[in-house]
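Here is what each chain is made of, one letter per residue.
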Amino acid sequence: MRTSVLFTVLCGLGPAPLGAQDTAIVIIPESAGVSVQPRELPRIVAEEAIRLYNAPTTTRLVGRTRLPPGNEWRGDVAVRNGSIAVGGRIAGTVLVINGDAAIDSTAEITGELIVIGGTVTVARASAVRGEVRQYREPLAYRTQGDEIALAPNLRRRFPNLGAQKSWGSAESRSALTIATSGTFNRVEGLPIVFGPTFDWKVTEGLRVRFEALGIFRTAGNLSEQGDDLGYLVRSELRAGDRRALGLELRAYSRVAPVEDWGLHNAEVGWSAFLLQRDYRDYYTSKGVAGRAFVQPEPSVNFALELRRDGETTAPTRDPWTVFRSAQAWRPNPPIDDGHYVTLGGYFTFDTRNDQLDPTAGWQLRAQLEHSWSADVSPQAGVPPAVRRTIPSDGSYEFSRVFFDFRRYTRVSPSGRVNLRVLAGGWLAGDALPLQRRLSIGGPDPLAGYGFRHSACNRDIVDPAFQRTLVAACDRVILAQAEYRGHISLHWAYGAARPEDEQARPLFALQGPDLVVFGDAGQAWLVGNGPGRLPSDRLPTPGSWLADLGLGVDWGGFGVYAAKGVTAGERLRFTLRLDHRF
């Protein structure tokens with residue numbers, strides 16, 4: 001049995017509520033950039049919700065709740081860990097904790113409607129006489145008999161690793177930042193970003209943002225080539241807040257991952273830093289880009305981007321690791337160097353009640369990109385059995401599509417079912433370059449199989465690819481399902497009564513989730529001949545890889561056991577500090 005040990009950052013930011021709240025300029029690790037992000041649920045809101053829920057005059061309900069048309073409830077109503085559908089009359093205030101609210105056209109609420117950790121749908125404006133307030137961040141609480149008390153999530157209390165000094169007001173803000181960015185890897189070591197950011201309010205509803213960040217790669221050697229330095233210069237003009245549109249220009253020099261849709265960034269970084277296991281490949285990307293975006297609703301975003309990248313192979317460095325530092329790293333494989341122009345369309349739909357620990361909602365991320373290159377230098381070591389010859393006469397072009405669909409559903413007060421379907425890869429044109437190719441298998445998303453179990457690289461025998469385990473497939477498809485049942489512990493150290501305004505629990509055990517899961521998927525080459533599928537066909541379900549597993553997840557820290565059921569794999573164990581998806 002082999003154990004894969006993975007770690008992730010114990011911190012995160014929740015999505016924005018409908019109501020106004022303070023914001024701060026913070027580092028966004030995935031983009032090595034800086035952006036204005038909302039804080040977590042304000043404490044004053046959390047305490048107000050707890051007081052209302054615990055009030056003796058409040059009717060307390062747990063799980064899915066429905067009030068049919070023609071029925072009436074008198075007094076305040078609080079629902080936790082479930083959604084409420086109102087078709088009748090409620091003579092009081094309605095509080096929903098970690099759930100959604102749907103108010104029909106026949107409904108009437110004489111007081112306020114407060115939804116925390118969910119969404120609100122109101123069929124007609126007059127249905128709610130009082131104020132409607134929605135906060136996308138969930139309320140972290142524990143139960144004390146019939147009452148609830150604050151139990152702040154420790155993952156949300158850890159700030160991003162870095163330091164920042166900011167100045168200004170709501171109209172004009174600036175900051176000087178130094179922080180970690182991206183993930184520790186065998187090409188950069190630990191990347192660190194530093195530099196100023198600015199945010200100006202030009203007029204009501206119109207803002208201009210600018211940032212100029214340097215990127216220092218700790219695995220570098222300050223050589224004259226400047227390989228250990230990168231940068232990100234970005235400007236954005238944004239009109240609107242919740243409903244917005246805008247333009248963005250950026251110039252960058254960065255190290256980009258080949259496949260970033262599996263493991264979380266921090267999991268890859270901690271695995272590399274502690275155990276010298278880097279589960280990604282990388283290349284350097286230097287270029288400029290322009291993007292136009294529109295956000296008609298807080299949960300919907302459309303973007304169109306045009307960029308030109310100079311992409312080159314990144315050499316493997318030898319950054320220090322905690323264990324196995326004397327061993328050699330897995331080589332970083334070469335890519336198809338060249339300048340690529342890409343026109344891409346991007347769509348995001350996100351109604352999750354929490355980005356860090358969602359219990360309800362939908363998420364869809366889709367992208368369609370068309371790229372071309374006049375100076376591509378294809379790697380000669382990739383045989384025709386893996387891909388067709390890439391033209392070098394200036395006519396090289398290809399299209400690639402990718403989408404990731406997720407559904408989070410609470411099926412009981414302590415049970416959730418999460419589903420994920422992912423697919424993507426080559427769509428049209430010439431063969432994909434190496435840096436756009438795919439694989440499947442490993443700690444995520446198929447934990448029952450070894451790293452890149454299905455990578456379509458068996459015919460690549462060139463010495464340049466030895467020990468690299470390069471990803472070489474054209475397409476990938478994946479389905480994941482899991483059930484999470486929560487186990488309550490009801491224990492805290494340094495806890496106080498909810499009405500104590502000054503006291504705050506130092507540590508709270510909220511109980512683990514028991515996770516039962518199954519995954520299935522496959523990666524393949526497109527074309528005619530042995531080991532390939534025509535472009536208009538998917539692999540038959542009988543050829544998919546599948547695994548089944550069981551795990552215990554404690555606030556993101558999880559221990560999982562998985563067994564591949566279609567290829568006779570051995571039982572594999574995975575230790576993680578983040579949810580699977």
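Residues numbered from 1 in each chain as written. Predicted model: local features only at pLDDT ≥ 70, side-chain atom pairs only at ≥ 80, totals over all residues. Heavy atoms only, no water.

## Side note on the overall build of the chain
Each helix and strand in the chain was counted, giving three helices and 37 strands. Going through the 581 residues of the chain one by one, you find that 51% of them count as buried. Here the analysis covers contacts within the chain between residues at least 6 apart in sequence; of these, 59% occur between residues at least 24 apart. As presented, the chain carries roughly 25,700 Å² of accessible surface, and 59% of it is formed by carbon and sulfur atoms. (Helix = DSSP H or I, 4+ residues; strand = E, 2+ residues; numbered from the N terminus. Buried < 20%, exposed > 50% of the residue type's maximum accessible area, 1.4 Å probe, protein only. Contact = heavy atoms within 4.5 Å. Areas by Shrake-Rupley, 256 points an atom, 1.4 Å probe, with all protein chains shown as cover.)

## Concerning the sheet that holds strand β12 (residues 108-109)
Taken in spatial order, the three strands make up an open sheet running β6-β9-β12, and their pairing is parallel. A single partner strand is all that each edge strand has here, and the edge strands are β6 (72-74) and β12. (Pairing = 2+ DSSP bridges.)

## Description of the sheet that holds strand β10 (residues 94-97)
Sheet strands pair by backbone hydrogen bonding; their relative direction is either parallel or antiparallel. Taken in spatial order, the five strands make up an open sheet running β4-β7-β10-β13-β15, and their pairing is parallel. Among the strands making up the open sheet, the edge pair consists of β4 (59-62) and β15 (132-135). Averaged over all adjacent pairs, the angle separating strand axes in this sheet is 10°, with direction ignored. Sheet strands touched by helix α1 (residues 43-54): β4, β7 (77-80), β10, β13 (113-116) and β15. Its angle to β10, the strand with the most contacts, is close to 115°. (Axes fitted to C-alpha atoms, helices over the stretch in contact; angles between N-to-C directions.)

## Description of the pairing of strand β23 (residues 244-257)
With nine bridges joining them, strand β22 (residues 229-239) and β23 adopt antiparallel strand pairing. Opposite arginine 234, over in β23, you have arginine 250 as the bridge partner. Turn length for the β22-β23 hairpin, with the two strands adjacent in sequence and antiparallel, is four residues, and the turn residue glycine 240 shows positive phi of about 100°. By the bridge criterion, 14 bridges tie β23 to strand β24 (residues 282-297) in an arrangement that is antiparallel. Within the sheet, the bridge partner assigned to glutamate 248 lies in β24 and is arginine 291.

## Digging into the nonpolar core
The biggest cluster of nonpolar side chains holds 21 residues, and the ones touching the most others in it are Trp261, Ile440 and Val476. Mapped by element, the contributors of at least two residues to this core are β30 (475-486) and β33 (513-526). Not counting residues up to four positions away in its chain, the partners in contact with valine 476 are Trp261, Phe402, Leu422, Ala423, Gly424, Leu438, Ser439, Ile440, Gln522, Ala523 and Trp524. By size, the runner-up hydrophobic cluster in this structure holds 17 residues, among which are Val45, Ile50, Leu139 and Leu150. (Core = buried A, V, L, I, M, F, W, Y, C linked by side-chain atoms within 4.5 Å.)

## A look at the confidence of the model for the chain
Model confidence for the chain is summarised by a mean pLDDT of 84, while 85% of its residues fall at 70 or above. Confidence drops under pLDDT 50 across residues 1-38; counting only partners more than four residues distant or on other chains, this segment forms 139 contacts. (pLDDT = per-residue confidence, 0-100.)

## Details of the pattern of salt bridges
Per the counting criterion, the structure on display carries 45 salt bridges. A salt bridge links arginine 43 to glutamate 47; its shortest N-O distance comes to 2.7 Å. Taken together, the residues arginine 43 and glutamate 47, both in helix α1 and four residues apart, mark about one turn of the helix. Its relative accessible area of 8% is what places glutamate 47 among the buried residues. (Salt bridge = Lys/Arg side-chain N within 4 Å of Asp/Glu carboxyl O.)

## Here we look at helix α3 (residues 265-275)
Most of α3 is tucked away: nine of the eleven residues are buried. Within the sequence span of α3, burial applies to Asn265, Ala266, Glu267, Val268, Gly269, Ser271, Ala272, Leu274 and Leu275. Looking one or two residues beyond α3, the residue adopting positive phi is glutamine 276, at roughly 55°.

## A word on a nonpolar patch on the surface
A surface patch of nonpolar side chains, about 570 Å² in accessible area, is lined by Val411, Tyr483, Ile487, Leu514, Val516, Leu550 and Val552. Sorting the residues of the nonpolar patch by element identifies β33 and β35 (545-554) as the ones contributing at least two each. Judged by relative accessible area, which is 46%, leucine 550 ranks as partly exposed. (Patch = residues over 30% accessible without salt bridge, like charges linked within 9 Å, V, L, I, M, F, W, Y side chains within 5 Å.)

## Regarding α1
Over its twelve residues, α1 runs 16 Å from end to end, which matches the ideal 16 Å to within 8%, given 1.5 Å per residue. Residues of α1 that are buried: Val45, Ala46, Glu47, Ala49, Ile50, Leu52, Tyr53 and Asn54. Packed against the buried residues of α1 are β4, β7, β10, β13, β15 and β17 (147-150). (Expected span 1.5 Å × (residues − 1).)

## Considerations on unusual backbone geometry
Here the residue pair aspartate 444 and proline 445 is connected by a cis peptide bond, since its omega of 15° sits within 30 degrees of zero. Structurally, proline 445 is set in the loop between β29 (415-429) and β30. Positive phi, normally seen in glycine, also occurs at arginine 452, with a value near 50°. Mapped onto the fold, arginine 452 is located in the loop between β29 and β30. What makes arginine 452 buried here is its relative accessible area of 6%. A positive phi angle, near 65°, is found at arginine 467, a position not held by glycine. By the element assignment, arginine 467 lies in the loop between β29 and β30. Judged by its relative accessible area of 54%, arginine 467 falls in the exposed class.

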